Amino acid sequence: MYQYEKKTVRKMILKDHKRPDGREITQIRPLAAEVDIIPRVHGSAMFTRGQTQICDVCTLAPLSEVQKLDGLDVYQTYKRYMHHYNFPAYSVGETKVSRGPGRREIGHGALAERALLPVLPTEEEFPYAIRCVSETFESNGSTSMGSTCASCMSLMAAGVPIKKMVAGISCGLVTGDTDDDFILLTDIQGLEDFFGDMDFKVTGTDDGITAIQMDIKIHGLTRPIVEGAIARCKEARTFILNTCMRPCIDAPRAEVSEYAPKIEQITIDPQKIGDVVGKQGKTINKIIEETGVKIDISDDGMVSVAGTDKTMIAKAIEIITNIVTDLEVGMVLTGKVARILEFGAFVEFAPGKEGMIHISKLADRRVGRVEDVVNIGDQVTTKVIKIDAMRGRVDLSMRPSDLEAKGPVKA
């Protein structure tokens, strides 16, 4: 029965140009696309081609969350973009225990990952680790190409500034008795893959190819077959881009999702990394506790501050800037009153950095008690009026006349 079925399907396609589902040789199954189908995630998209449906979820994280690799290649120690592919039993109408990904799932995920790597922004342009997970809801041919299309739209919905849109499609082959006797099929489904001779998958943009993967059941391919398959895939992926994906989302979002971490970067002198970290990490942990952000510092002095609240990110960057900035007379600093003595108040403007406001410098008028003007915990704006490097003392002024004056003032 199997042999008869295989022979009949191949003969119908090769001689009569009739496909099992009645499509034309170059016809793609009905397409559909959606974005933002899951409201709480950083980015999501659904791509449907016939009975193949993929839901992709994109998650963004600081660069400290990259996947660390321990392999033979000493030049590749981490992976910033991860694409994972899941193929549950229900996608093909079966029931079985869900276990870890097998060889097929890992291979499909790697293909979709490779397809999008060329269009991803650099770490300098977009300082995030990126993870896409493709969930196969329904499968009848080429879910890896569906994953590529869904991942592309998911990345754009998440605000990842990819350089160009990427789509993928598979091309099948049925051969006859001679090298010239063959027919190429656009967008093969499961039955055509099963009884056919080739599954030729190509992903790319309008301008070029980003990844190719091929399975063949014959001894080899002639040049006309390869050229024809590449040309057919180019035509098909352009059709998918223009009629399905672009009408759904035609450009990456200008900003990342409100639920995604916001990341700001500054560069500091590598010699001052120790000042930011502090003894046994006390300084950096205090900043994290106070602002609720995540701070990563590389050996070259690149500081990445990540959080969901832009105000707290700005506050953390201000604290770090104050720590690494060499004080100069005339600088205006904002800090918190840490201690109060009879003769003045001590203001902490960065962890481990304090200055004193003498009681005579609290206001333009005469002040009887320090508490009449400031209390512990108050945020105050001050100006540096004197620096005693030998004693490590910084004198500050809160007087409005000093703050308004340009440049240094008389101590």
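Up top is the structure these notes are about.
Residues numbered from 1 in each chain as written. Predicted model: local features only at pLDDT ≥ 70, side-chain atom pairs only at ≥ 80, totals over all residues. Heavy atoms only, no water.

A. Summary view of the sheet that holds strand β6 (residues 81-86). On the basis of which strands lie adjacent, the open sheet formed by five strands has the order β1-β2-β3-β7-β6 and mixed pairing. With one partner strand each, in any of the chains shown, β1 (31-35) and β6 form the two edges of the open sheet. If you compare each strand with its neighbour and ignore which way they point, the axes differ by 15 degrees on average. Of the pairings in the sheet, the one linking strand β2 (residues 43-49) to strand β3 (residues 52-61) comprises seven bridges and is antiparallel in character. (Pairing = 2+ DSSP bridges. Helix = DSSP H or I, 4+ residues; strand = E, 2+ residues; numbered from the N terminus. Axes fitted to C-alpha atoms, helices over the stretch in contact; angles between N-to-C directions.)

B. Region of the structure containing the pattern of salt bridges. By the definition in use, this model includes 21 salt bridges. With a shortest N-O distance of 2.7 Å, aspartate 21 and arginine 23 are connected by a salt bridge. Its relative accessible area of 7% is what places arginine 23 among the buried residues. (Salt bridge = Lys/Arg side-chain N within 4 Å of Asp/Glu carboxyl O. Buried < 20%, exposed > 50% of the residue type's maximum accessible area, 1.4 Å probe, protein only.)

C. Layout of the pairing of strand β7 (residues 129-138). Where β3 and β7 come together, nine bridges link them in antiparallel fashion. Paired with threonine 59 across the bridge in β7 is arginine 131. With six bridges connecting them, β6 and β7 associate as parallel partners. What sits directly across from histidine 84, in β7, is valine 133. Running through helix α2 (residues 103-116), the crossover from β6 to the neighbouring parallel element β7 is left-handed. (Right-handed = clockwise from strand over helix to strand, strands pointing away.)

D. Representation of the environment of arginine 365 within the structure. With respect to the helices and strands, arginine 365 occurs in the loop between β17 (353-358) and β18 (379-388). Using a relative accessible area of 54% as the deciding quantity, one classes arginine 365 as exposed. For the pair formed by arginine 365 and arginine 399, sequence separation is 34 residues and the distance between their alpha carbons is 8.8 Å.

E. Quick look at α2. Over its 14 residues, α2 runs 21 Å from end to end, which matches the ideal 20 Å to within 8%, given 1.5 Å per residue. Residues of α2 that are buried include every one of Glu105, His108, Gly109, Leu111, Ala112, Glu113, Ala115 and Leu116, and no others. Where α2 is buried, its residues touch β5 (78-79), β6, α3 (143-157), β10 (198-204) and β11 (209-216). (Expected span 1.5 Å × (residues − 1). Contact = heavy atoms within 4.5 Å.)

F. Spatial organisation of the nonpolar core. Judged by nonpolar contacts, the single largest core of 48 residues is most densely connected at Leu60, Ile130, Leu155, Val160 and Met245. If you list the elements that add at least two residues to this core, you get β2, β3, β7, α3, β8 (167-175), β10 and α5 (223-248). A total of eight residues in this core trace back to one element, the largest contributor, which is α5. Beyond its immediate chain neighbours, meaning those up to four positions away, isoleucine 130 contacts Cys58, Thr59, Leu60, Arg80, Tyr81, Met82, Leu155 and Val160. Counting residues in each nonpolar core, the second largest holds 35 residues, with Ile284, Leu333, Ala345 and Val347 among its members. (Core = buried A, V, L, I, M, F, W, Y, C linked by side-chain atoms within 4.5 Å.)

G. Unusual backbone geometry, seen in detail. Of note, aspartate 36 is a non-glycine position whose phi angle comes to about 60 degrees, a positive value. Within the secondary structure layout, aspartate 36 lies in the loop between β1 and β2. A positive phi angle is found at glutamine 280, which is not glycine, with a value near 55 degrees. Following the sequence through the fold, glutamine 280 ends up in the loop between α6 (273-277) and α7 (282-291).

H. Examining the packing of α2 against α3 more closely. Their axes nearest at 9 Å, the elements α2 and α3 cross at an angle of 45 degrees. Between α2 and α3, the interaxial angle falls into the category oblique. α3 is crossed by α2, and the crossing has right-handed handedness. Between α2, through Arg104, His108, Leu111, Ala112, Ala115 and Leu116, and α3, the contact on the second element is made entirely by Thr143, Ser144, Met145, Ser147, Thr148, Ser151, Cys152 and Leu155. (Parallel < 35°, antiparallel > 145°, perpendicular 65-115°, else oblique. Left-handed = near helix turned anticlockwise from the far one by under 90°.)

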